[in-house]
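# Tertiary structure, described
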Amino acid sequence: MKLSKFWLLLVVLPLFAFSTHKYYLSLTDINYRSESKSVQIIINVFMDDIEMALNKDYNIDLQLTTKKELKNNDEYFQKYLDKKLHFKINNIPKTFTYVGKEYDGDLVFFYLEIPNIKSINDLEIENTILMHHFPDQQNLIKLKVGKKHKSILLTAKTDKGLLKF
Amino acid sequence: MKKFSLLLFSLFLMITTGFSQENNITKQGHTNQNKFRQLKQDLPTPNSQRTASGAPGVNYTQQKVDYRMDIVLDDEKQRISGSETIIYHNNSKDELAYLWVQLDQNMRAKDSKTPDISSGKIRKSLSKSRFNRSYPKEEFDGGFYVTGVTNTDGSKLSHTINQTMMRINLPKPLASGETFSFNVKWWYNINNHRTQGGRSGFEHFPKDNNNNYVIAQFYPRMCVYDNVEGWQNDQFWGRSEFALEFGDFEVNITVPADHMLGATGVLQNEKEVLSKTELRRLKKARKTYDNPVVIRTQKEAIELEKTKSNETKTWKFKATNVRDYAFATSRKFIWDAMAVDINGKNVMAYSLYSKEANPLYGDHSTRAVAQTLKTYSKYTFDYPYHKAISVDGQMGMEYPQICFNPGRPNPDGTYSDRTKYRMIKVTIHEVGHNFFPMIVNSDERQWTWMDEGLNSYMEMLAELDYDPNFPITRGYPKNIVRYMSGDQSKIAPIMSKGDNVYSFGNNAYGKPATALWILRETIMGKELFDHAFKTYSQRWMFKHPTPADFFRTMEDASGVDLDWFWRGWFYTTDVTDIGIKDVKKFYTKENGDRVNFIEDTTPGLSFGEEKTKDSKYHYEITYNKPGGLVMPIIVHFNYTDGTSERKVYPAQIWRYNDKEVTKVFSSSKEISKITIDPYQETADVDTSNNSWPKPTKNKFEKFKQKVKG
């Protein structure tokens, strides 16, 4: 029963083309805060897409924003992001802490933090969120350090990028 | 004297050049780049067909095309065959040497160029359904097989097929006011829209071996000829939809006898195709305004889908003044109906759906259709047709009086709120297309936003009428920020042709809908906006408006110059970003016959003890505008006594300086906080500069604090 529903979602969504015009884009806002010596990360993704991806990957039924919403969904979000998101700062791999998530309309916002960063010369990011299930997924990365901005668009072909100052 | 004037002149030069080191460089001039300059150079010159007020002119003409068609559906082979007589009325003042016909199905033909213009890469992996769609085992034998193009006397008529279009080479030029009739015969294989995609097609149900057909673009139909484009000369590539003429249709559709069918037009032979029970229920539905009446039940449909009739039935329709024709047919269809009172006129809301779409469709489809007709009629014109049908077509596509919509419950019949709202949303949107572009007949091939944008805006009003808590995901200013603040190399202005834009949904639907929402809620006010929008709708109903006609009417009927708004929102990809740069505080002190302003340098917004008791609180506030769009400055002042005040400076405040302006605000109360656009009305892409004192915590830190408690 579950499988057939997924099948339906998988097939139907790309064909909705004419009126809802789905597009596949996530936004990762990375902000280095010198006051707290931490890298603050806010990621927004489409709720439908992330729900479908996690349901399929972990064989769960998240039912986000409904009364039947899976209670421990943060565990799955954290697990998923740990797998799909990797950072190197000044060429040293860094792990992030999962602060939490919130919903706004059809978007889910994830808040992540990399503490104890004294300075940033360059940041490498690998972001494959949603790319497995949505081949057209694009993940836009924006980095802000002080008053300087950098951005890069990651796709299934180029899922990793180096942002240098 | 001469010496003195020379001295003066050099002094003048020194002052005007600001003592700069470029003293010897001749200053270059510039053209008018003011964001409030009028659009006259960008819009076509008004004429007697399209006036400067935005209304159709005294010499406005429009072609008329009538169709008489006999259509046969072959359910075994999933094939349509048809023959038609096209009666073309040349109402223009021009003589026509040839006519152009659209052959949209040829987009699916083996020699279609559509696949050739899309780029592609090899993916790491694809879902099986997607793989089968992108790499089909067998090439689909699609496209029209045109088997005859003849004069009414049966003789051959010269024609030339150019991809998705066909030129009829007239035996002699068609003079103004004359009519030319000709016949076309054709057949084509219907695409499976669930596996191959498409704006029409069939869906196969392996369990009971049945097909639901949602059929459109199924007949060769005339291109538009007008004074803007001449003949349409742009192929159907698959995305930018259609431009069509109005006319009258007489259509006979032959399908298996056990099918339930819905189509554009008034059914002429209901006694031949409906059972007595169905006719009785339909009669009841015509007087039932509160709940849908089921005319063919789920139980009856399930009985029918178990067998296949070898007989056929012919459904006969007449449609007056429609721009297109479509139908849906299946033995699986359940049919429910409800009457809607549109200002004293009875209009029927219908839904056709298979059991797989129930109870979702039974619960909401017909009600959503009815709501759309009511809300849209209120803001535009009374719905002029006799019915509107929503079909469980599992896509989202619109035709006159009939549309195909998505959404199905889980196999156990349950459905989530999000499934429900998505289905209602698309249904309202597609039924709403009856108004734009089926009646206000803009050219979607050229300007997708003209129907999609206006319709997406109207859709919001209908959704809020259906349910005041409707989860609107597109149209509110804050919803478009993510798109507008994105990568500029992947954003096109709204005034772009649909085939060429990135992020189609945001460009042609979301952003124009947001722009209209902002005009209504923030810039013009509901009353002025609604009157102008209604004027546009009524001026151009059953006609062909262009962007200029819309822009001009909105200004002409409201008395509000909006050239700056169209220029910024529709012709550029600029964003809104307005901030507070600095705030200075002053109090006054009388000094003889003068009043002195004395700056209070106490940190923050509060005044120090030096302030004289009888002085007002004077603030000199500098607003800056990192964003390219000019927009009103919406300011909220919070006072220390707990009250607040809203002040809106019109966009024209930026007319002399596009970067920053300084304003004085005087109050008898002390201000504790100043916030720009606190209710996110302007799609401001960066709100970190919107408050004073400057916030100490950013969005991330606020969230972290909330989580950690």
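These figures come from a predicted structure and were not determined experimentally.

A count of helical and extended segments in chain B gives 15 helices and 31 strands. Over its C-alpha atoms, taken along the principal directions, chain B stretches across nearly 105 × 70 × 60 Å. Burial statistics for chain B: of 709 residues in total, 44% are counted as buried. Considering only contacts in chain B between residues 6 or more positions apart, those separated by 24 or more positions represent 73%.

The share of residues in chain B with pLDDT of 70 or more is 97%, and the mean pLDDT across the chain is 94. Among the scores for the predicted complex, ipTM is 0.86 and pTM is 0.91.

The partner chain B presents 37 residues to the 34 residues of chain A that form the contact. Per element, the largest residue contribution to the side of chain A that touches chain B is 7 residues, and it comes from helix α1 (residues 2–15) of chain A. In terms of residue class, the side of chain A that touches chain B is made up of 17 nonpolar, 12 polar and 5 charged.

Next up on the list: the pairing of strand β9 (residues 210–215) of chain B. Residues and elements named next belong to chain B. The element β9 is largely enclosed, with a buried count of 5 among its 6 residues. Examined bridge by bridge, strand β8 (residues 201–205) and β9 share 5 bridges and lie antiparallel to one another. Looking at β9, one finds that Glu-203 is bridged to Asn-212. Between β8 and β9, which pair antiparallel in sequence order, lie 4 residues; one of them, Asn-209, sits at a positive phi of approximately 55°.

What follows is about unusual backbone geometry. Residues and elements named next belong to chain B. The omega torsion of the bond from Asn-358 to Pro-359 falls at 10°, within 30 degrees of zero and hence cis. Following the sequence through the fold, Pro-359 ends up in the loop between β20 (345–353) and α7 (360–379). With omega at 0°, the peptide bond leading from Trp-692 into Pro-693 counts as cis. By the secondary structure assignment, Pro-693 is in the loop between β31 (691–692) and α15 (699–708). Unusually for a residue other than glycine, Asp-677 sits at a positive phi of about 45°. In this fold, Asp-677 is placed in the loop between β30 (671–676) and β31.

On the secondary structure map, B:Asn59 appears in the loop between α1 (2–16) and β1 (64–74). Sequence-distant contacts of B:Asn59, that is, excluding residues within four places in its chain, are made with B:Ser48 and B:Gln49.

With that out of the way, let us pick up the packing of helix α10 (residues 477–484) of chain B against helix α11 (residues 504–523) of chain B. Residues and elements named next belong to chain B. The geometry of α10 relative to α11 is characterised by a closest axis approach of 10 Å and an angle of 140° between their N-to-C directions. The angle between α10 and α11 falls in the class oblique. Crossing hand, α10 versus α11: left-handed. Along its contact with α10, which presents Pro-477, Asn-479, Ile-480 and Tyr-483, the element α11 presents Asn-506, Gly-510, Lys-511, Thr-514, Trp-517 and Ile-518. The class makeup of the residues in the contact of α10 with α11 is 5 nonpolar, 4 polar and 1 charged.

As a further point, take α10(B). All names here are of chain B. Of all 8 residues that make up α10, 6 are buried, and the element is covered over most of its length. Listed as buried for α10 are Pro-477, Asn-479, Ile-480, Val-481, Tyr-483 and Met-484. Those residues of α10 that are buried lie in contact with α11.

A separate point is the confidence of the model for chain A. Across chain A, the average pLDDT comes to 85, with 87% of residues at or above 70. Counting interchain partners and residues more than four positions distant, the pLDDT-below-50 stretch residues 1–20 of chain A has 33 contacts.

Now for helix α8 (residues 417–432) of chain B. Residue and element names in this part refer to chain B. Over its 16 residues, α8 runs 22 Å from end to end, which matches the ideal 22 Å to within 8%, given 1.5 Å per residue. Counted residue by residue, α8 has 12 buried out of 16 residues, so it is predominantly covered. Among all positions in α8, only Tyr-421, Arg-422, Met-423, Ile-424, Lys-425, Val-426, Thr-427, Ile-428, His-429, Glu-430, Val-431 and Gly-432 are buried. Contacts made by the buried residues of α8 are with α7, β21 (387–392), β22 (397–399), β23 (402–405) and α9 (448–466).

All names here are of chain B. With antiparallel pairing, the 4 strands of this open sheet are ordered in space as β28-β27-β30-β31. Taken across any chain shown, the strands that pair with only one partner, and hence form the sheet edges, are β28 (644–649) and β31. Strand direction decides the pairing type here: β30 and β31, joined by 2 bridges, are antiparallel. Residue pairing for β31: Ile-674 is matched across the bridge by Trp-692.

This part is about the environment of B:Phe404. Residues and elements named next belong to chain B. Mapping Phe-404 onto the fold places it in strand β23. As a C-alpha pair, Phe-404 and Ser-176 span 228 residues in sequence and 38 Å in three-dimensional space. Among all residues touching Phe-404, those that are not within four sequence positions of it are Val-214, Ala-328, Val-391, Gly-393, Met-395 and Met-397.

Turning next to the sheet that holds strand β19 (residues 334–342) of chain B. Within a sheet, each strand pairs with its neighbour through backbone hydrogen bonds, oriented either parallel or antiparallel. Residues and elements named next belong to chain B. The mixed open sheet is built from 6 strands, whose spatial order is β16-β19-β20-β21-β23-β22. At either end of the open sheet lies a strand with only one pairing partner, and these are β16 (293–296) and β22. On average, adjacent strands in this sheet sit at an angle of 20° to one another, irrespective of strand direction. Bridge count between β19 and β20: 9 bridges; the pairing is antiparallel. Opposite Asp-336, over in β20, you have Ser-351 as the bridge partner. In the packing of helix α5 (residues 276–285) onto the sheet, the strands contacted are β16 and β19, and the crossing angle to β16 comes to about 155°.

Attention now goes to the pairing of strand β3 (residues 96–102) of chain B. All names here are of chain B. As defined by bridge partners, β3 adjoins strand β6 (residues 165–174) across 6 bridges and the pair is classed as antiparallel. Along β6, the bridge assignment pairs Leu-96 with Leu-174. Here 2 bridges tie β3 to strand β10 (residues 221–222), and the two strands are oriented antiparallel to one another. Among the inter-strand pairings, Val-101 is bridged to a residue of β10, identified as Met-222.

A word on the nonpolar core. In terms of nonpolar packing, the biggest core is built from 164 residues, with B:Ile215, B:Ala328, B:Ala349, B:Leu352, B:Leu373 and B:Ile402 touching the most fellow members. No other element matches the 10 residues that α11(B) contributes to this core. When sequence neighbours within four positions are dropped, the list of residues in contact with B:Ile215 reads B:Ile80, B:Ser200, B:Ala326, B:Phe327 and B:Ala328. Counting 33 residues, the second-largest nonpolar core is a separate cluster that includes A:Leu27, A:Met52, A:Leu54 and A:Leu154.

Here we take up the domain arrangement of chain B. Residues and elements named next belong to chain B. Each domain of chain B was delimited in the assignment, giving domain 1 (34–60 + 442–572), domain 2 (61–118 + 127–245), domain 3 (281–310 + 332–437) and domain 4 (579–708). Taking the mean C-alpha position of each, domain 1 and domain 4 sit 32 Å from one another. At the interface, 17 residues of domain 1 touch 14 residues of domain 4. Elements represented by at least two residues in the side of domain 1 that touches domain 4 include exactly α10, α11 and α14 (563–571). For the side of domain 1 that touches domain 4, the residue count by class is 8 nonpolar, 6 polar and 3 charged.

Further remarks concern the environment of A:Lys160. Residue and element names in this part refer to chain A. Mapped onto the elements, Lys-160 comes out in strand β10 (residues 160–164). Given 13 C-beta atoms within 10 Å, Lys-160 falls into the partly exposed group. Separated by 23 residues in the primary sequence, Lys-160 and Gln-137 place their C-alpha atoms 14 Å from one another. Apart from residues lying up to four places away in sequence, Lys-160 is in contact with Glu-124 and Glu-126.

Cut-offs used in this document
Residues numbered from 1 in each chain as written. Chains lettered and ligands numbered in written order. Predicted model: local features only at pLDDT ≥ 70, side-chain atom pairs only at ≥ 80, totals over all residues. Helix = DSSP H or I, 4+ residues; strand = E, 2+ residues; numbered from the N terminus. Buried ≥ 20, exposed ≤ 12 C-beta atoms within 10 Å, placed from the backbone. Contact = placed C-beta atoms within 7 Å. pLDDT = per-residue confidence, 0-100. Nonpolar A, V, L, I, M, F, W, Y, C, P; charged D, E, K, R; others polar. Pairing = 2+ DSSP bridges. Axes fitted to C-alpha atoms, helices over the stretch in contact; angles between N-to-C directions. Parallel < 35°, antiparallel > 145°, perpendicular 65-115°, else oblique. Left-handed = near helix turned anticlockwise from the far one by under 90°. Expected span 1.5 Å × (residues − 1). Core = buried A, V, L, I, M, F, W, Y, C linked by C-beta atoms within 7 Å. Domains from an automatic or database assignment.

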